[in-house]
Amino acid sequence: MNTDERFMARALRLAARGLGETNPNPVVGCVVVREGRVVGEGHHARAGGPHAEVVALARAGARARGSTLYVTLEPCTHQGRTPPCVPLILSAGVRRVVAALPDPDPRVDGRGLSLLRRAGLRVRTGVLGVEALLLNERFVVSTRAVRPFVLLKAGITLDGRLATARGESRWITSPAQRRQARRLRRLHDAVLVGIGTVLADDPLLLPVPGVRRPFLRVVLDSHLRLPPQSRLARSARRFPLLVLCREADAGRRRRLQARGVAVLCQPGARSGVSLPWALAALWRRGIRSLMVEGGSEVLGAFLAARLVDAVALFRAPLLLGGRHSRPAFGGPDPKGLRQALRLSPQSPLLRGRRADPALPGPWPEPRLFELWYPRPERARD
């Protein structure tokens, strides 16, 4: 690694400390270097908190004058919950800025780098850009798609089953795999299941370890069958719960809302909750990444609609067999193999480029699950 790459790698490792806590914001790290020595560094620790540049420059103080600032994402120019970073960089007397990645947020989108250049600072971009892109994969994909990043997660046997014909699924996966699945939740803004999973398992759907930021639990429930005595409903005042439905009995709706459950009905829906409508509703509520945990019909519906950005398969060394054992992905039957979703182990964001495996990525390591991405259409046979 050259000097710029060495300090950017340090900034990326700092940025990774924010994984799971900065949502829906990206993770960002910053290192301030003067005469080859680090004089200040920091990372964005939580949404609404100080940006990485603010923390690093505060620690550098007067030593930031004449320095080089390394940051994993383009400094912002807009007023959000915190002030913009570009004016702070200019007032600190920074001489040079090295940014790994332009910010895809349309409120920034190159404006920060342009302002720095116009102010006379030397600016370099793209240093470890592939690694920075991958680290903020969920943020970048959702910003470009203008919908939440969607991860489909399933715990399955070697023959692709997630439950017996009677619905028994506890436990297919190992305790270690289940712990990692709960850790996966904390990387996302929300988790979603269908009402069948709720009725069968009565889950809580919480991330472990817990997060200090809002975390939304979502249930697809066309006819509002969620029991008011379910663990989800009983915990709704402490941990937000949203039910998306097509129609709702007025009495049950009142009982659920009295427990703190938010109920949103799709107007004019005729046959189940529309997944594009559901994702749009979640986007309007600030959800930028969504982990879909089942059951089989819900996972199959997302697959059929091609509303999937990544797939996490926790595979157990079991063979279940049986004609009626439940597959991981139900939903409508495809007409032929041409309708199969072709997958790749590499994120499409990388476009064939390789990220340094020694630097942090967006998923826990070591992984106890297989991670797959839909192949871009142009790359399919």
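Look up: the structure comes first, before these words.
Just so it is clear, the model here is predicted, and its values are computed rather than measured.

Colleague: What am I meant to see in the overall build of the protein here?
Modeller: For the protein, the count of helices and strands is twelve helices and 16 strands. Its C-alpha radius of gyration of 23 Å places the protein within 12% of the 21 Å reference for a compact globule of 381 residues. With respect to the principal axes defined by its C-alpha atoms, the protein has extents near 70 × 50 × 35 Å. When burial is assessed residue by residue, the protein has 52% of its 381 residues classed as buried. Intrachain contacts of the protein at a sequence separation of at least 6 include 75% that bridge at least 24 residues. Summing over all exposed atoms, the protein offers an accessible surface of approximately 18300 Å²; the carbon and sulfur share of this is 50%. Within the protein, one finds 64 positive and 29 negative side-chain charges whose respective centroids are separated by 4 Å.

Colleague: What is the right way to look at the pattern of salt bridges in this model?
Modeller: Close approach of charged atoms allows side chains of opposite charge to pair. All chains considered together, the criterion is met by eleven salt bridges. Among the ionic pairs, R107 bridges to D105, the shortest N-O distance being 2.7 Å. Of the charged contacts, one joins E365 and R367 as a salt bridge, the two residues approaching to 3.3 Å between their closest N and O atoms. Classification of E365 by relative accessible area gives exposed; the value is 60%. When its relative accessible area of 35% is taken as the criterion, R367 is described as partly exposed. Where salt bridges share partners, they join D4, R96 and R124 into one cluster.

Colleague: I tried to follow the nonpolar core on my own but got confused; where do I start?
Modeller: Inside soluble globular proteins, nonpolar side chains tend to come together where they are buried. With 61 residues, the main nonpolar core has L69, L184 and W363 as its most contacted residues. Once residues within four sequence positions are removed from consideration, W363 is found in contact with E137, R138, F149, L151, L184, L187, H188, A310, F369, L371 and Y373. L162, V292, L307 and V308 belong to the second largest nonpolar core, which has 31 residues in total.

Colleague: Sorry if this is basic, but what is going on with the sheet that holds strand 16 (residues 370-374) here?
Modeller: Backbone hydrogen bonds hold the strands of a sheet together, and the pairing may be parallel or antiparallel. The strand order across the open sheet built from nine strands is 11-10-9-8-12-6-13-16-15, with neighbouring strands paired in mixed fashion. Each edge of the open sheet is held by one strand with a lone partner, namely strand 11 (262-265) and strand 15 (343-344). Across four bridges, strand 10 (residues 241-245) lies against strand 11 in parallel orientation. Counterpart to L244 in the pairing with strand 11 is L264. Packing of helix 11 (residues 275-284) onto the sheet brings it into contact with strand 6 (149-156), strand 9 (216-220), strand 10, strand 11 and strand 12 (289-292), and relative to strand 9 it is tilted by some 160 degrees.

Colleague: I would appreciate a short explanation of unusual backbone geometry in the present structure.
Modeller: In terms of backbone geometry, most residues other than glycine have negative phi values and most peptide bonds are trans. For the bond from N23 to P24, the omega torsion is 5 degrees, close enough to zero to count as cis. When you line up the elements, P24 lands in the loop between helix 1 (3-16) and strand 1 (29-34). Geometrically, the link from E365 to P366 is a cis peptide bond, its omega value of -5 degrees lying close to zero. Among the structural elements, P366 can be located in the loop between strand 15 and strand 16. At R306, a position not held by glycine, the phi torsion is positive, near 60 degrees. Its place among the elements puts R306 in the loop between helix 12 (296-304) and strand 13 (310-315).

Colleague: How should I be thinking about helix 6 (residues 137-145) in this particular structure?
Modeller: Residue pairs spaced three or four apart in an α-helix point in one direction, given the helix's 3.6 residues per turn. Within helix 6, seven of the nine residues are buried, which leaves it mostly tucked inside the rest of the structure. When helix 6 is considered as a whole, its buried residues turn out to be E137, R138, F139, V140, V141, S142 and T143. Phi turns positive one or two residues past the end of helix 6, at V146, with a value near 55 degrees.

Colleague: Hey, could you run me through the side chain of T22 in this one?
Modeller: Mapped onto the secondary structure, T22 falls in the loop between helix 1 and strand 1. A polar side-chain atom of T22 sits 3.3 Å from the main-chain carbonyl oxygen of P26. Residues within four places of T22 in sequence aside, it is in contact with V27, H44, A45, R46 and A47.

Colleague: Can you walk me through the sheet that holds strand 4 (residues 96-99) in this structure?
Modeller: The five strands are arranged 2-1-3-4-5 in an open sheet whose pairing can be described as mixed. Two strands close off the open sheet at either side, each with one partner strand: strand 2 (37-43) and strand 5 (122-125). The sheet shows a mean angle of 15 degrees between the axes of neighbouring strands, direction not considered. Pairing between strand 1 and strand 3 (residues 68-71): four bridges, direction antiparallel. Directly across from V33, in strand 3, lies its bridge partner T68. Contacts from helix 1 reach strand 1, strand 2, strand 3, strand 4 and strand 5 within the one sheet, and its direction differs from that of strand 1 by about 140 degrees. Helix-sheet contacts for helix 4 (residues 111-118) involve strand 4 and strand 5, and the interaxial angle to strand 5 is about 150 degrees.

Colleague: Teacher, can you tell me more about the pairing of strand 1 here?
Modeller: Two faces belong to every sheet, and in a regular strand the side chains alternate between them. Within strand 1, five of the six residues are buried, which leaves the element mostly enclosed by the surrounding structure. In this sheet, strand 2 lies alongside strand 1 in antiparallel orientation, the contact comprising six bridges. Each bridged residue has a counterpart across the sheet, and for V33 the counterpart in strand 2 is V38. Linkage of strand 1 to strand 2, two consecutive antiparallel strands, is achieved through a turn of two residues, within which E35 is found at a positive phi near 55 degrees.

Quick notes on the rules
Sequence positions are assigned chain by chain, starting from 1 and proceeding in written order. Only residues with pLDDT of 70 or above have their local features reported here, since the model is predicted, and side-chain atom pairs are shown and tallied only from 80 upward, although totals for entire chains, interfaces and linings are computed over all residues. Hydrogens and water molecules were not included; the side-chain quantities draw on all heavy atoms of the structure. Helix numbers and strand numbers start at the N terminus; a helix is a DSSP run of H or I with at least 4 residues, a strand a run of E with at least 2. For a compact globule the rule gives 2.2 Å times the number of residues to the power 0.38, and the radius of gyration it is set against comes from C-alpha atoms. Burial classification: accessible surface area is computed with a 1.4 Å probe over protein chains only, and a residue below 20% of its type maximum counts as buried, one above 50% as exposed, and the rest as partly exposed. We call two residues contacting when some pair of their heavy atoms lies within 4.5 Å. Note on areas: these come from Shrake-Rupley sampling with a 1.4 Å probe, and a residue is covered only by the protein chains present in the view. Within this scheme the basic residues Lys and Arg register as positive and the acidic residues Asp and Glu register as negative, but His and the chain ends are omitted. To locate a charge, take atom NZ for lysine, CZ for arginine, CG for aspartate or CD for glutamate. Salt bridges, as used here, are contacts in which a Lys or Arg side-chain nitrogen is within 4 Å of a carboxyl oxygen on Asp or Glu. We call a set of buried Ala, Val, Leu, Ile, Met, Phe, Trp, Tyr and Cys residues a nonpolar core when their side-chain atoms join them within 4.5 Å. When DSSP finds two or more bridges between a pair of strands, those strands are recorded as paired. Every axis corresponds to a line fitted to the C-alpha atoms, with the helix fit spanning only the stretch in contact, and the corresponding angles, defined between N-to-C directions, vary from 0 to 180 degrees. Any pair of N or O atoms that falls within 3.5 Å is considered a polar contact. Within protein, one atom must be able to donate a hydrogen and the other to accept it, and sequence-neighbouring residues count only if both atoms are side-chain atoms.

Note that every value here comes from positions in space, so none of it alone points to a role or purpose.
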